[in-house]
Amino acid sequence: MGKGRTSDGTTAVLAALRDYADQLDAHADEVRRDEFDSVHQMRVSARRLRSVLGSYRSLFPDGDTDGVRAELRWLGTVLGNARDAEVMAERFRELLDAQPPELIRGPVRHRLIETNELAYRDAHTEAVATLDGPRYEALLAALDALLAAAPHRHDAVRSGLNHASRRMRKAARRAGLTARGTGEPTPERLHTVRKRAKALRYAAEAAASTRPSPVRAGKAAKKLQTVLGDHHDSVVARSRLLAAADLARGAGEDTFTYGVLTAVEADRVRRAVPRSRKLVRKIRSASRKL
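Below, the structure is looked at part by part.

Definitions and limits used
- Residues numbered from 1 in each chain as written.
- Predicted model: local features only at pLDDT ≥ 70, side-chain atom pairs only at ≥ 80, totals over all residues.
- Heavy atoms only, no water.
- Helix = DSSP H or I, 4+ residues; strand = E, 2+ residues; numbered from the N terminus.
- Rg over C-alpha atoms; globule rule 2.2 N^0.38 Å.
- Buried < 20%, exposed > 50% of the residue type's maximum accessible area, 1.4 Å probe, protein only.
- Contact = heavy atoms within 4.5 Å.
- Patch = residues over 30% accessible without salt bridge, like charges linked within 9 Å, V, L, I, M, F, W, Y side chains within 5 Å.
- Areas by Shrake-Rupley, 256 points an atom, 1.4 Å probe, with all protein chains shown as cover.
- Salt bridge = Lys/Arg side-chain N within 4 Å of Asp/Glu carboxyl O.
- Lys, Arg positive; Asp, Glu negative; His and termini not counted.
- Charge placed at Lys NZ, Arg CZ, Asp CG, Glu CD.
- Core = buried A, V, L, I, M, F, W, Y, C linked by side-chain atoms within 4.5 Å.

With that out of the way, let us pick up the overall build of the protein chain. Scanning the protein chain from N- to C-terminus turns up nine helices and zero strands. The N-to-C order of helical and strand elements in the protein chain reads α-α-α-α-α-α-α-α-α. Taken over the C-alpha trace, the protein chain has a radius of gyration of 21 Å; the compact-globule value for 290 residues is 19 Å, and the two agree within 12%. Dimensions of the protein chain, computed from the C-alpha atoms along their principal axes, are close to 70 × 50 × 25 Å. For the protein chain, the proportion of its 290 residues judged to be buried stands at 47%. Taking contacts inside the protein chain between residues at least 6 apart in sequence as the whole, the part at least 24 apart equals 78%.

Below is the structure:
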């Protein structure tokens with residue numbers, strides 16, 4: 001990569017980081033008003049910022065991003081408590097609505113939907129209190145100070161992209177998603193692939209304005225992230241369904257519907273692996289030109 005392109009890449013990444021920081025706080029007001037999908041969008045902003053700062057950490061002096069990234073992880077965890085409950089309530093509602101009425105037996109909607117909606121309300125209240133507290137304000141101030149500093153290096157973009165790509169490919173091999181795979185596609189390994197694909201996607205999107213190759217890699221990584229995200233949600237949903245069935249059984253309720261829904265989620269889990277292998281091949285092809 002030539003000197004001019006490197007400089008353009010650095011400028012693009014720093015501009016993207018500033019844009020992501022603005023989005024983060026804009027979503028905070030939406031979360032306070034409990035607008036639709038606002039918790040999700042703010043959590044994505046926090047994760048994106050943390051990921052891109054990690055991929056391009058060499059733009060900053062050694063260690064300068066550590067504190068901000070740790071606080072972004074904390075913020076993502078707080079928002080995650082609400083988002084996870086929101087996701088499960090939506091997922092179980094869609095699952096139940098897709099079944100014939102005669103297969104819905106017992107107070108299953110209460111156990112699967114209403115309990116998660118209640119958990120969301122409690123977690124949302126906690127999230128709003130966090131956003132109105134001093135720790136969040138300190139995070140914003142630290143983020144502003146970090147991004148206001150001059151870049152430490154101007155050769156970090158290509159190395160950041162390649163590092164993110166190598167980590168994703170290594171995780172895919174360990175999960176048995178490549179021709180030379182050395183492992184099995186366990187839920188834990190596939191979840192790691194998903195996280196690595198997400199990091200590659202975010203790194204590529206931050207540098208996308210510099211040349212076309214990050215765009216192709218980012219799009220393929222986004223598709224893989226989506227497939228494996230649904231796989232992860234299915235794994236979590238299946239675990240929640242089994243736990244809810246145990247509670248229902250203990251209360252003397254009909255557990256037939258839980259078995260039906262568990263089978264649906266198990267089928268979704270099985271379909272994720274072959275789709276993921278195809279997407280890994282696309283990412284490998286796109287990554288050769290980073």
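With that settled, consider a positive patch on the surface. A grouping of R57, R167, K170, R173, R174, R180, R284 and R288 is seen on the molecular surface, where their side chains present a positively charged patch. Per-element accounting of the positive patch gives the leading share, four residues, to helix α6 (residues 156-174). With respect to the helices and strands, R180 occurs in the loop between α6 and α7 (187-206). On the accessibility criterion, R180 (73% relative accessible area) is exposed.

Moving on to the nonpolar core. Ranked by size, the top nonpolar core spans 66 residues in total, and within it L24, Y56 and L75 carry the most contacts. Leave out the neighbours within four places in its chain, and L75 touches L24, M42, A46, L131, Y136 and L139. Membership of the second largest hydrophobic core comes to 15 residues, among which are L96, V108, A248 and L261.

Moving on to a negative patch on the surface. A surface patch of like charges, here negative, comprises D19, D22, D25, E137 and D144. For the negative patch, the elements supplying multiple residues, two or more each, are α1 (3-32) and α5 (134-148). Looking at which element gives the most residues to the negative patch, the answer is α1, with three residues. Residue position: D144 is located in helix α5. Looking at D144, the relative accessible area reads 51%, which means it is exposed.

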